Amino acid sequence: MKYMLLVKVSKMKDNLGRLLLIVLMFSFSVCFSQEQTLSLSQISSVNIDDLSDSQIASYWDRAKGEGYTLQELANLARLQGVSESEILKLNNRILGLPVMNSSLDEAGTSDVPKDKTVDSNYGLTVSSLKKDDVNSLDDRYFGYSFFSNPSISFEPNYNVTATKDYVISTGDEITIDLWGAAERSSIYTVGQDGNIQLPGVGKIFVSGYSLVDVEGKIKSRLRNVFAGLYAPVNSPSKIFLDINISKVRNIQINVIGDVKVPGTYTLAGLSRVMNALYASGGPTLNGSLRKIKVTREGRIIGVLDVYDFIFKGNSEGNLILKEGDVIIVPSFESRVTVKGEVKNPAIFEITQGESIKDVIAFAGGYTPLAYKNVHTIDRIDGIGRKIVDISEVDFNSSLFSGDILSVQKITELYNNRVIITGAVNLPGAYELKDGMKLGDLINRAEGFNEKSSLKKVLLFRENSQALRDVYSFNLEDSLVESSKFLLKKEDSIKVFFKSNLRSSSVLSIRGAVNNPKSIPFVDKMRVTDLIAIAGGFAREADPNVINVSRQLDDGEFKTLSINYTWESTSDLILKTGANFYLQPNDKVEVRTLKGYQELKSVYVNGEVSRPGAYSILNKNERISSLVARSGGLSPYAFLEGGTIIRKKVENDKKQVDGALDLIQGNLEEGTTIKNVENEYRIGIDLKKAIVEKDERYDLILREGDRLLIPSKKQTVEVVGEVMSPSLIPYSKKLRTKDYIYNGGGFSEKAKKSKVYVVHPNGTVLATKRFLFFRMYPKVIPGSLILVPKKIDTIRDGLSTQEAISITTGLGTLAIIIDRLAN
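Residues numbered from 1 in each chain as written. Predicted model: local features only at pLDDT ≥ 70, side-chain atom pairs only at ≥ 80, totals over all residues. Heavy atoms only, no water.

A.B. asks: Please explain the overall build of the chain as it appears in this structure.
C.D. replies: The helix and strand inventory of the chain stands at 18 helices and 39 strands. A buried classification covers 39% of the 822 residues belonging to the chain. Once local pairs closer than 6 in sequence are excluded, the contacts in the chain between residues at least 24 apart make up 59%. Carbon and sulfur atoms form 52% of the exposed surface of the chain, whose accessible area is close to 47,200 Å². (Helix = DSSP H or I, 4+ residues; strand = E, 2+ residues; numbered from the N terminus. Buried < 20%, exposed > 50% of the residue type's maximum accessible area, 1.4 Å probe, protein only. Contact = heavy atoms within 4.5 Å. Areas by Shrake-Rupley, 256 points an atom, 1.4 Å probe, with all protein chains shown as cover.)

A.B. asks: Teacher, can you tell me more about the packing of aromatic side chains here?
C.D. replies: Given two aromatic rings, one states the distance between the centres and the angle between the planes to describe the pair. A complete count under the given rule lists twelve aromatic pairs for this structure. Ring centres of Tyr564 and Phe580 lie 4.9 Å apart, and the angle between their planes is 50 degrees; this geometry places the pair in the tilted category. Residue Tyr564 is found in strand E26 (residues 561-566), and its partner Phe580 is found in the loop between E26 and strand E27 (587-592); the two are separated by 16 residues along the sequence. When its relative accessible area of 23% is taken as the criterion, Tyr564 is described as partly exposed. Grouping aromatic residues by their ring pairs yields a cluster made of Phe142, Tyr307, Phe311, Phe348 and Phe362. Over the face of the ring belonging to Tyr209 we find Lys217, whose NZ or CZ atom lies 4.1 Å from the ring centre. The ring of Phe332 is capped by Arg335, whose NZ or CZ atom sits 3.8 Å from the centre of that ring. (Phe/Tyr/Trp six-rings, centres within 6.5 Å; stacked < 30°, edge-to-face > 60°. Lys NZ or Arg CZ within 6 Å of the ring centre and 35° of its normal.)

A.B. asks: Whenever I open this one, the sheet that holds strand E23 (residues 506-511) confuses me. Can you help?
C.D. replies: Pairing in this open sheet of five strands is mixed, and the strands run E24-E23-E27-E25-E26 from one edge to the other. Both edges of this open sheet fall to strand E24 (517-520) and E26, since each of them pairs with a single strand only. Neighbour-to-neighbour, the strand axes of the sheet open up by a mean angle of 20 degrees, direction not taken into account. (Pairing = 2+ DSSP bridges. Axes fitted to C-alpha atoms, helices over the stretch in contact; angles between N-to-C directions.)

A.B. asks: Is there a simple way to explain the sheet that holds strand E7 (residues 239-247) in this structure?
C.D. replies: Spatially, E4-E3-E7 is the arrangement adopted by the three strands of the open sheet, whose pairing is antiparallel. Here the strands that pair on one side only, and so sit at the sheet edges, are strand E4 (184-189) and E7. When strand polarity is set aside, the average angle formed by the axes of neighbouring strands in this sheet is 20 degrees. Here strand E3 (residues 173-180) pairs with E7 via eight bridges, running antiparallel. Each bridged residue has a counterpart across the sheet, and for Gly180 the counterpart in E7 is Ile239. Together, E3 and E7 form the strand contacts of helix H7 (residues 211-222), whose direction differs from that of E7 by roughly 135 degrees.

A.B. asks: Got a minute to help me understand the nonpolar core in this structure?
C.D. replies: Soluble globular proteins tend to pack their nonpolar side chains together in the buried interior. The biggest cluster of nonpolar side chains holds 46 residues, and the ones touching the most others in it are Ile253, Leu277, Leu321, Ile327, Phe348 and Ile356. A total of five residues in this core trace back to one element, the largest contributor, which is helix H8 (residues 273-279). Each residue touching Leu321, except ones within four places of it in the same chain, is listed here: Ile251, Ile253, Leu267, Gly269, Ser271, Arg272, Val273, Ala276, Val294, Arg296 and Ile327. Tyr166, Ile196, Leu222 and Ala268 belong to the second-largest nonpolar core, a separate cluster that totals 26 residues. (Core = buried A, V, L, I, M, F, W, Y, C linked by side-chain atoms within 4.5 Å.)

A.B. asks: I tried to follow the pairing of strand E11 (residues 299-304) on my own but got confused; where do I start?
C.D. replies: Two faces, one strand: in a regular strand the side chains alternate between the faces of the sheet. Note: strand E10 (residues 292-296) against E11, five bridges, orientation antiparallel. Note that in E11 the partner of Ile292 across the bridge is Leu304. Count of turn residues in the E10/E11 antiparallel hairpin: two residues, of which Glu297 carries a positive phi of about 55 degrees.

A.B. asks: Explain the pairing of E24 here, please?
C.D. replies: Looking at chain direction, E23 and E24 are connected through four bridges and run antiparallel. Counted as the bridge partner of Ile509 is Lys517 from E24. The turn linking E23 back onto E24 is made up of five residues.

A.B. asks: Would you mind going over the pattern of salt bridges with me for this structure?
C.D. replies: Once the charged atoms of two side chains with opposite charge are near each other, the side chains can pair. Following the criterion strictly, the structure yields 17 salt bridges and no others. Residues Asp305 and Arg290 are paired through a salt bridge, measuring 2.8 Å at the closest nitrogen-oxygen approach. Residue Asp305 is located in the loop between E11 and helix H9 (306-312), and its partner Arg290 is located in the loop between H8 and E10; the two are separated by 15 residues in the primary sequence. A relative accessible area of 14% places Asp305 in the buried class. The partner of Arg629 in a salt bridge is Glu621, with the nearest N and O atoms 2.6 Å apart. Salt bridges linked by common partners bring Arg290, Asp305 and Glu354 together as one network. (Salt bridge = Lys/Arg side-chain N within 4 Å of Asp/Glu carboxyl O.)

A.B. asks: Help me understand a positive patch on the surface, please; the structure alone is not making it clear to me.
C.D. replies: A cluster of basic side chains, namely Lys737, Lys752, Arg769, Arg774 and Lys790, defines a positive patch on the protein surface. The partly exposed category is assigned to Lys752, whose relative accessible area is 38%. (Patch = residues over 30% accessible without salt bridge, like charges linked within 9 Å, V, L, I, M, F, W, Y side chains within 5 Å. Lys, Arg positive; Asp, Glu negative; His and termini not counted. Charge placed at Lys NZ, Arg CZ, Asp CG, Glu CD.)

Note that all results are geometric; they support no functional claim without further evidence.
As structure tokens, this is what we get:
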């Protein structure tokens, strides 16, 4: 009886355990379902850290769908009683979503740097910024990329030493060091009640006192324990005391206004205004950099001008922050644009009283090519604009918002330059001095060089109509008189080389040499000398046949040239014409050996015993010879599917491209033709070519031909205007129409009279008509049956029959090429 009772109790426990497991699983599934369908009103009842990324993404998508921006979503959470720390977590989680870039754009939130992560305590961090992000900012607006530059860090240092006027508060850590007659070092944290607890001394209230005041209080309390604190310095019982802040507390401040990520931030207790701005991503393009306000307990305690910080290092407004401080970034008031010849052209924010000189300084000052006497201002004037010229005496005047200040570039004109070029020892530009003459300039250029021709010197001078006059001198005949010619600014003198005044003559060599070329004429050069310059004989050269063509003028317009033929050894020793010298413009041609041919290759792939590349034996080698040399066909060769891929020659390409361009113009819009750019595919009947030796099919091979012999096929494909395009097993009992009906039959748009059958080797067979009967082409294994589409509307003046024929043919061509290529 007792045993049965224990069994029943055990079963009850098992059942209770199963029931509890079911309840837990149901509760989990319900909870999971609720998390997945989190509504905007449920955010106050969940912990942000417990939500997955997918739940955050779903929540953000729902908020966007209801028209909320990121800032409006934060305000909604505040109305529901969500704490600022939870709102900050939610904001950071949303900004960290992979798709946040597009989401922010759709929601209308601007100026948040894309692909940034936001630290839960600090905001936008240096590690989250990339070089590309800085370059992607609008650099035209000066100063804004300063807060997104990964090379600049304003993250606060949590380990800095506090100054003596630092006010201690809850969370600070105080280090008390004793040394001398007694040594001890301890760290104490200021508690919520503002006290620190010293062993043997008790509580000391330190909150709200400066560090120097706290030192006095602690020293006063420790004197009862360590009397040596007040002993003389030289006393052996002297105890020294040092009190410092080892770790400052965290504070929460608010950054609002035109900043990229407004909100509440937790910073180190010694953080300054720039730290907070850096944490929030800095001002937006609409935010001011000149009047950033810091408020404490409802009153303004400082104003930061970022320009003063950047240009002067002035940190007057960069105050140390305290708990609850609010930083307000207002919208900008006035901006001007500086462009042209300044070092850093940009758009600058200006304050009242700043002048043109100040703005030029903001832009880094002038470039070396700047014209500094007069600047132009493009200024708003009512509903239009106007141009204002500002001279140097007015550079202290103020600018107005919207002004565009332009600094012009100096001209490229020279006031005292003359130029000499050509056959002098030091050509170039020289200073024009008073009374300077042509001879003086030649002497400045260190005179003529040995290759100069004194018979031709030209002087170019610009006249009053902005045209150029030319003066010609022959210095050989009148050197003294010509050298006295008075020069003017921008005169340009050209002294000619002797070679400039001769006709250019060359020697050319071509044919079977390694490097055919043309060279300037050299006197007394033999034929073999020119062959050596051309790299010697090529492999196919015939040294016994060297032709020289020479231009000839017989005065009767009958004979144009004369030809010479010479013989040489392979070592470039002339057998004949040893005393023959080349003349200007002679052309040398080295002939090739009689019957010489480069090796040509063809390829066979597929069902043969030894596939691969083979050299062509003779000009009449055919397909059957190639198959025999490759070991013959394998038992699996499909003879009806043989194909040759042949490269197009240039004339073939032009002919086909021209035809396709002509047809393309008559097609419906959107219809294109697929053309194989550099090759043909030739369908062949291998049975007739190899077995029957029929020369109509046993084609002569050409360089680069590829013979493809596929495996046996067992299917037939039906495509085009049928109800169900499909692949159907081949059967000798089925005809073309049977395969079409196996594909569901013709569609309503099918052109039944134009059915085509494409055999595996690429041969295209069309449907024929006899009286009222249609005779469909024969189908073999591997065939493709194409049912074309009717065309009812014809454009560009083609008849219906012409359009159908063209479109069907092109469609077939595209399919054939595509199928065979794959």
